[in-house]
Amino acid sequence: MESDGDSATDREDSLTRVPAKRKRYKQKFREEWLLNKEYSDWLRKDNRDLSKAVCNVCNTSFSAEISVIKRHKEGTKHVNNLKRCSASTSKKQQSIVSVFKSMPTNEKQLVKTSEIKLAAFVAEHKVSHNVMNHLADLLPKLFPDSQIAKDIRLKRTKVQAVINNCIGETEKENLISDLKSQMFSILIDESTDIAVVKTVAVVVRYFDPMIGKVITRFWNLIQLFDEKTTDHVANAEKLFNTIIGSFQKYEIPTENIIGFGSDGCNTMMGCNNSVSSRFRQRCPGIIVIKCICHSLHLCASDACKELPLNCEKMARNIYNYFKSSSKRQSELKEFQYFAEADVHKILRPAQTRWLSLNAVVQRILEQWDVLRLYFNSKWLEESECHDIHACLNDPIIKAYYYFLAWMLPKFTTLNSCFQSESILITKLHGKMTAFYKELLLLVLHRNYVNSAPIETIDPMTEINHKDLKDIYLGLGVQKELDSVENEERKLTLRKMCKNFIIRACVGLRKRYCFNDKIMTEIAKFDLEKVISDDREESVSSLFPLLPRIAPTSIQHQQELDDEWRKLPLYYKDLDLSQPPDVFWHQVSFHVNSKQREFILVSIVIAA
């Protein structure tokens, strides 16, 4: 009975027990409120209690909640006090105005300048915008004697607004102004991001007379398909109209477009129905150039298909064997210490990175002896090591790797050269011709290559081929072949290496026009050639080399030709080691205004 009574009492207590009150969150004073014009003249935080706000007009304290602040602002007492305060001229009433309002004009300007520079720093160095939530509070503590540091109000939201609406818009306006007055080239590339959004990146390249150099500027990132798009086809017509429309939107004349460059796909560079063909039709005389780096990459990739699949397969198998096992990597490191080899990781043969196979081949050759020792100890225990073990102990496979280690750097060196930011347009034709001729001389007779025009040479014509035994394949290949007794395998290797070179030559011939008139003539603008005394024999006149940017007046053309012919006589004292755009900019100061205009515009060809 007692237990029943006790339980009944407990139930009554539980029903009548008052639940514990939840602790109420206290809103702290926010500095952003001081940026609001409605509050900045009279509101300040209470230094004794951060959850309170103080009204300087009424000299009262209240909760730092936006609803409380708004009610106080609309109160009769506050409104009357604010009117009396604004009418009074006493020093006590003047102190109500906020610090930022009372600052001299030049000090306010310094604060704005500092905020803009901080935002520009964040944008340039790709700093997370969240950092500004802490940096803005840290600056007054680092520089307690600086009023500017105390007055900076720049956190995540504001820095993003400054970058987008201030810096970004100003840079865009400046770029639009430049493109309206300067001739420029367009570079584009389309891509699909991880969100499966298809975009086109547009970059412009033009000569900036203010700094005396050719510069590259980002123009726009255009989304091809959006919610309003009904035609979901990214063909040449749509791409061209989208690109041209982005310039017409800002009233940039298409007459200023003198160059176009992109990768070599049919949509971009096809002869009849492509973006480049439409540019040629819209802008007669425009210079169209395929991306040389893309072309070299494709040539090397196609040529590698002539070699046995075991070469690439071995590289992938070795990487896959070590990539997910820390134990195997640790064991390999012990073998590297034992063999006194460099402790390097095995690289991955990437599918999309340009010519990454060269680095992979060099690394495997560097670690060849170490890898052979390692897999000699593993192949009996693990079945996945059998193929790798067989390849590493095959001198023919190693000979193929020596051939790639000798051949691929020729592509990567030239590729890296053209990825440089310096102006290389005057050297492009010479470097491509020399590289093509170097490959031809490996498989064709020297007399034939030197006597025939390079654009007429067909690498596939076997009558001009050297004998297999006379084809030079590198010292590493010859060293490995000396240890091979099977003549049939040696002959097969020579045939495959020969086919590699021939296919690379065919790819270069297909992707680069060696008899292109414009590129041939632009090569004669190389600084070492323009100052030489025998230059007039090759380029006696500038016209009609650059028809799109040539002056319409015959008189102006004649004046330019006269200056061009006198160039070796008067300008030999100029520094030839400087970039071409800087050199021609200096030359422009020695001619009259019409000639200077043409020379400055001509420099854009370097884009």
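All of these numbers come straight from a predicted model, not from anything done at the bench.

Conventions used here
Residues numbered from 1 in each chain as written. Predicted model: local features only at pLDDT ≥ 70, side-chain atom pairs only at ≥ 80, totals over all residues. Heavy atoms only, no water. Helix = DSSP H or I, 4+ residues; strand = E, 2+ residues; numbered from the N terminus. Buried < 20%, exposed > 50% of the residue type's maximum accessible area, 1.4 Å probe, protein only. Areas by Shrake-Rupley, 256 points an atom, 1.4 Å probe, with all protein chains shown as cover. pLDDT = per-residue confidence, 0-100. Contact = heavy atoms within 4.5 Å. Pairing = 2+ DSSP bridges. Axes fitted to C-alpha atoms, helices over the stretch in contact; angles between N-to-C directions. Phe/Tyr/Trp six-rings, centres within 6.5 Å; stacked < 30°, edge-to-face > 60°. Lys NZ or Arg CZ within 6 Å of the ring centre and 35° of its normal. Salt bridge = Lys/Arg side-chain N within 4 Å of Asp/Glu carboxyl O.

Engineer: Go over the overall build of the chain with me, naming the residues and quoting the values.
Structural biologist: Summing up its helical and strand segments, the chain has 29 helices and eight strands in all. Within the chain, the proportion of its 607 residues that are buried is 42%. Accessible surface, the chain: about 35,300 Å² in total, of which carbon and sulfur atoms supply 51%.

Engineer: Please give an account of the confidence of the model for the chain that cites residues and values.
Structural biologist: When pLDDT is averaged along the chain, the result is 81, and 83% of the positions lie at 70 or above. Within the model, pLDDT remains below 50 along residues 1–5, and this stretch shows zero contacts once partners closer than five positions in the same chain are excluded. A low-confidence stretch, residues 88–104 stays under pLDDT 50, and its non-local contacts, those more than four residues away or across chains, total 21 contacts.

Engineer: Please give an account of the sheet that holds strand 3 (residues 60–63) that cites residues and values.
Structural biologist: Taken in spatial order, the three strands of this open sheet run 1-2-3, and their pairing is antiparallel. Of all strands in the sheet, those bounded by a partner on one side alone are strand 1 (43–45) and strand 3. Within the sheet, the average angular offset between the axes of one strand and its neighbour, ignoring direction, is 35°. The sheet contact formed by strand 2 (residues 52–55) and strand 3 spans four bridges and is antiparallel. Across the sheet, the residue bridging to Ala53 is Phe62, located in strand 3. Of the strands in this sheet, strand 1, strand 2 and strand 3 are in contact with helix 2 (residues 66–74), which crosses strand 3 at around 140°.

Engineer: Can you break down the environment of Met268 residue by residue, with the values?
Structural biologist: Relative to the assigned elements, Met268 resides in helix 11 (residues 266–269). We classify Met268 as buried; its relative accessible area is 1%. Along the chain, Met268 and Asn235 lie 33 residues apart, while their C-alpha atoms are 9.3 Å from each other. If we ignore the near neighbours within four places in the chain, the residues touching Met268 are Ile188, Glu190, Leu239, Phe260, Ser262, Asp263, Ser274, Val275 and Ser276.

Engineer: Hey, could you go over the packing of aromatic side chains for me, with residue numbers and the actual values?
Structural biologist: Enumeration according to the criterion identifies 21 aromatic pairs in this entry. Seen in terms of ring centroids, Phe403 and Trp406 are 6.1 Å apart; in terms of plane orientation they differ by 55°. Their pairing is tilted. Placement of both Phe403 and Trp406 in helix 19 (residues 395–418) is noted, with a separation of three residues, approximately one turn of the helix. A network of ring pairs unites the aromatic residues Tyr321, Phe322, Phe335, Tyr374 and Phe375 as a single cluster. Its end group placed over the ring of Trp219, Lys172 keeps NZ or CZ at 3.8 Å from the ring centre.

Engineer: Account for the pairing of strand 5 (residues 198–208), naming residues and giving values.
Structural biologist: Look at any regular strand and the pattern is simple: side chains alternate between the two faces of the sheet. The buried fraction of strand 5 is high, at eight of eleven residues. Counting the residues between successive antiparallel strands, the hairpin from strand 4 (residues 184–192) to strand 5 contains five residues, one of them, Val196, with a positive phi of roughly 60°. Bridge count for strand 5 against strand 6 (residues 213–223) is ten bridges, and the pairing is antiparallel. Within strand 6, the residue paired with Val204 across the bridge is Arg217.

Engineer: Help me get a handle on the pattern of salt bridges, residues and values and all.
Structural biologist: Under the defined criterion, the tally for this structure stands at 18 salt bridges. Between Lys155 and Asp137 there is a salt bridge, with the nearest N and O atoms lying 3.4 Å from each other. Placement of the pair is Lys155 in the loop between helix 8 (147–151) and helix 9 (156–181) and Asp137 in helix 7 (residues 132–142), with a sequence separation of 18 residues. Note that Asp369 is salt-bridged to Arg372, the shortest N-O span being 3.6 Å. Of this pair, Asp369 and Arg372 both sit in helix 17 (residues 368–376), separated by three residues, roughly a single helical turn. When its relative accessible area of 43% is taken as the criterion, Asp369 is described as partly exposed. Connected via shared salt-bridge partners are Asp302, Lys305 and Arg511.

Engineer: Account for the sheet that holds strand 6, with residues named and values stated.
Structural biologist: As summarised here, the arrangement of the five strands in space is 6-5-4-7-8, forming an open sheet in which the pairing is mixed. Whereas interior strands pair on both sides, the edge strands pair on one side only; in this sheet they are strand 6 and strand 8 (287–290). For this sheet, the mean inter-axis angle between neighbouring strands, taken without regard to orientation, is 20°. Bridge count between strand 7 (residues 257–262) and strand 8: four bridges; the pairing is parallel. Paired with Gly261 across the two strands is Ile289, which belongs to strand 8.

Engineer: Lay out the environment of Asp581 with the relevant residues and their values.
Structural biologist: With respect to the helices and strands, the residue Asp581 is situated in helix 28 (residues 580–587). Along the sequence, Asp581 and Val214 sit 367 residues apart, while their C-alpha atoms lie 6.3 Å from each other.

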